[in-house]
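Spelled out from the first residue to the last, the chains are:
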Amino acid sequence: MKRAVCIVGGGAAAVSLLDALQRHGDHYDVTIVEPADTLGPGRAYQADSDSALLNQQAGRMSLRNSEPDHFIKWVRGHDEQFSTAENSEFLPRRLFGQYLNFHAHRTLESLRESGSDVRIIRDVVTSAHEDFGGVWLGTAGGTTFRSDRVVLCTGTGGPVDAYELAKQPGYVHDPYPLRDQLPDVAADRDVLVLGTGLTAVDIALYLLDRGHRGAISMLSRRGVLPAVRSFAAARPLRYLTGDALAAGMSCGRLLRELRNELRAAGFDVAEAARDLGVGEPAHQRLARQVAAGDVPWQPTLIQAAMQSIERLWPLLPARERDRFMRRWHHVFNSLVNPMPPRTAHRLLSAMDAGQLTVHSGVNSVVRDSDGFLATTMSGQVRGDLVVNAIREETGITNIASTALLDGLIGDGAARVHPYGGIDVDPGTNAILDRAGVPSSRLFALGQLTCGVHYYTSSMTMITRRAAMLAGELSPAMAVR
Ligand SMILES: Cc1cc2nc3c(=O)[nH]c(=O)nc-3n(C[C@H](O)[C@H](O)[C@H](O)COP(=O)(O)OP(=O)(O)OC[C@H]3O[C@@H](n4cnc5c(N)ncnc54)[C@H](O)[C@@H]3O)c2cc1C
């Protein structure tokens, strides 16, 4: 009998896992459950304005970890407008969604041809109960079925309503897709954007590209914009290597080793530290980074930070993780998700013109008779509209998966991880039950595992875990 595998969710993580399963070569009975009409795009890569760009160069975006140029090759062959696109370009995110959709169907076809059974259920999974015979799943539409293995790929939730503005007219809670959520924003209105991360940058860029004339004020606790992407080549790492990371290290030692990496590659450590310094006012920092162009050390530092955090995070004691979250989380985010240089130039000219401002230390945002009023540590900012870009970071408040996760946690089949999402075994992504025992049948991939893996919000991380998980799901792996 074929092993029954159910993938809950049909976004990028699900497609990457499907691809990895197909290439593993075993025969399965695969079920994908996804409420949307289209498999692949999920939340991040849905059809949207072309101003919503990928935050990675096209040559590094792929559903396959082993083939980083898989996407760009597909783009050149399938979209005439982008037939000469370069590996280094930042392409519209919708193209990546189309690529995922194309490959989802192609992979399902290949699985069918090689003897697997495949079905797609357009629905929301609301329950999962494990017993000796497998996992019984139930959907909102009333379907119930059994599966030998279940992988939760339920993805990133929408933003959070941190200032309880949901009922206020003029408040846009979820900005995606930009072209559907923001078309009615009149060009002369003053807009408050809640957040200064990549989503907030998407919003500002979309408005500016549409010829917005009103003020755009970006607000967050720290007022830190993403760094500007450098195209320099990353140097090979000497200190943060597999062996050194496997032994674990404190945050202090990690910082020392990062400095050693930069020094060994011949970079100016003091200059890099200054550049990372997120205490600098946003306008000044952006102007400096744009003027500096391709800073040579950034790609090496990103590579070192990404590789080491993935290996070290599960090994760090709770005290060290708390310290990291307090002192380094926002620096890490600004560093590893830089914005494309064109975007940086666009934002900088709007800042130079006084149209775009960034404010830190937000205390409150309320609506009064004159519109919206934000109070920050340095004063007050007014706006006619508020567009929300405050990210949900815990991985567990995705509305579509609330019933399913509440049920699993309530039954003791899963437990909340203190740093977000649910607890999984760091080596296998098997979901841990209330007592910390890994399930043989229930797994999670992507944002739901953010507490365990820390950084899950990139295709590089997702595809690496998907390839590993395909091995765990193989019929060769018996129930432990
Ligand atoms: C706006 C945005 C832009 C990003 N841009 C980039 C980028 O440029 N480069 C990069 O490397 N990374 C990027 N990321 C990070 C990462 O690559 C994406 O978050 C990635 O798409 C995550 O895929 P996913 O499948 O885990 O989640 P999602 O794309 O959120 O897909 C989850 C799917 O699960 C479904 N679902 C949820 N609950 C249930 C349920 N109970 N039953 C059935 N289905 C369910 C949802 O309908 C959804 O389709 C971005 C993230 C966001 C949010």
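Residues numbered from 1 in each chain as written. Predicted model: local features only at pLDDT ≥ 70, side-chain atom pairs only at ≥ 80, totals over all residues. Heavy atoms only, no water.

A. Looking closely at the sheet that holds strand β13 (residues 371-376). In space, the three strands of this open sheet follow the order β12-β13-β14, with antiparallel pairing throughout. Of all strands in the sheet, those bounded by a partner on one side alone are β12 (362-368) and β14 (379-383). In this sheet, adjacent strand axes meet at a mean angle of 20° when their direction is disregarded. Pairing geometry for β12 and β13, over six bridges, is antiparallel. The residue bridging D368 from the neighbouring strand is G371, located in β13. (Pairing = 2+ DSSP bridges. Helix = DSSP H or I, 4+ residues; strand = E, 2+ residues; numbered from the N terminus. Axes fitted to C-alpha atoms, helices over the stretch in contact; angles between N-to-C directions.)

B. Just the packing of aromatic side chains, in detail. The full count for this structure, using the stated rule, is 14 aromatic pairs. Taking 4.7 Å as the distance between ring centres and 35° as the angle between the ring planes, the aromatic pair formed by W313 and Y454 counts as tilted. Here the residue W313 occupies a position in the loop between α10 (298-312) and α11 (318-327), and Y454 occupies one in the loop between α15 (450-453) and α16 (459-473), the gap between them amounting to 141 residues. Each member of the pair, W313 as well as Y454, carries the same accessibility label: buried. Aromatic rings pair up to connect Y45, F71, W74, F96, Y99 and F102 into one cluster. In this structure, R119 packs its charged tip against the face of F145, placed 4.8 Å from the ring centre. The side chain of R367 reaches across the aromatic face of F372, ending 5.0 Å from its centre. (Phe/Tyr/Trp six-rings, centres within 6.5 Å; stacked < 30°, edge-to-face > 60°. Buried < 20%, exposed > 50% of the residue type's maximum accessible area, 1.4 Å probe, protein only. Lys NZ or Arg CZ within 6 Å of the ring centre and 35° of its normal.)

C. Looking closely at the side chain of T463. Structurally, T463 is set in helix α16. For T463, a relative accessible area of 3% gives the class buried. At 2.9 Å, the side chain of T463 forms a polar contact with the side chain of N65. The contacts of T463, once residues within four sequence positions are left out, are S16, S62, L63, R64 and N65. (Polar contact = N/O pair within 3.5 Å; in protein donor to acceptor, adjacent residues only side chain to side chain. Contact = heavy atoms within 4.5 Å.)

D. Highlighting the pattern of salt bridges. This structure, assessed with the given rule, holds 22 salt bridges. Salt-bridge contacts for D202 lead to R93; the nearest nitrogen and oxygen are separated by 2.8 Å. Taken together, the positions of D202 in helix α5 (residues 198-209) and R93 in helix α3 (residues 93-113) put the pair 109 residues apart, joining distant regions of the chain. Exposure remark for D202: the relative accessible area of 8% places this residue in the buried category. Taking the shortest distance from any N to any O, the salt bridge between R323 and E320 comes out at 3.6 Å. Taken together, the residues R323 and E320, both in helix α11 and three residues apart, mark about one turn of the helix. By relative accessible area, which is 28% here, R323 ends up partly exposed. A single network of salt bridges, built from pairs that share partners, joins D19, R23, R64 and E67. (Salt bridge = Lys/Arg side-chain N within 4 Å of Asp/Glu carboxyl O.)

E. Examining the layout of surface pockets more closely. By volume, the second largest pocket is sized at about 530 Å³. Residue lining of the second largest pocket: 22 residues in total, with Q56, R60, Q303, M306 and T460 positioned closest to the centre. When the residues that make up the lining of the second largest pocket are grouped by side-chain class, the tally is nine nonpolar, nine polar and four charged. Looking at which domains feed residues into the lining of the second largest pocket, each of domain 1 (3-158 + 393-473) and domain 3 (242-336) gives three or more. (1 Å grid on protein atoms, 1.4 Å probe; cavity = no way out; pocket = protein on both sides within 12 Å on 5 of 7 lines; lining within 4 Å. Points joined across faces, edges and corners; volume = space filled by probe spheres on them. Nonpolar A, V, L, I, M, F, W, Y, C, P; charged D, E, K, R; others polar. Domains from an automatic or database assignment.)

F. Molecular detail of the domain arrangement of the protein. You can read the domains of the protein as domain 1 (3-158 + 393-473), domain 2 (171-226 + 340-388) and domain 3 (242-336). One C-alpha centre belongs to domain 2, the other to domain 3; they are set 28 Å apart. Each side of the interface is counted separately: domain 2 has 12 residues, and domain 3 has 11 residues. Taken together, both faces of the contact between domain 2 and domain 3 bury some 1000 Å²; the carbon and sulfur share is 70%. Inspection of the domain 2/domain 3 interface yields zero salt bridges. Our enumeration of links across domain 2 and domain 3 arrives at four residue pairs in polar contact (both at pLDDT 80 or more). If one sorts the elements of the side of domain 2 that touches domain 3 by residue count, helix α13 (residues 341-352) sits on top with six residues. (Buried area = accessible area lost by both parts, 1.4 Å probe.)

G. Looking closely at the site of the ligand. Around the ligand, the structure places 32 residues, and the nearest of them are A13, E34, Y45, N55 and M459. The backbone of V33 places a nitrogen or oxygen atom 3.5 Å from a nitrogen atom of the ligand. A distance of 2.6 Å separates an oxygen atom of the ligand from a polar side-chain atom of E34. Within the complex, the protein chains bury 92% of what would otherwise be the 990 Å² of accessible surface of the ligand. Secondary-structure elements contributing two or more residues to the shell around the ligand are α1 (12-24) and α16. Tallied by class, the residues present in the shell around the ligand amount to 16 nonpolar, 12 polar and four charged. (Near = heavy atom within 4 Å. Areas by Shrake-Rupley, 256 points an atom, 1.4 Å probe, with all protein chains shown as cover.)

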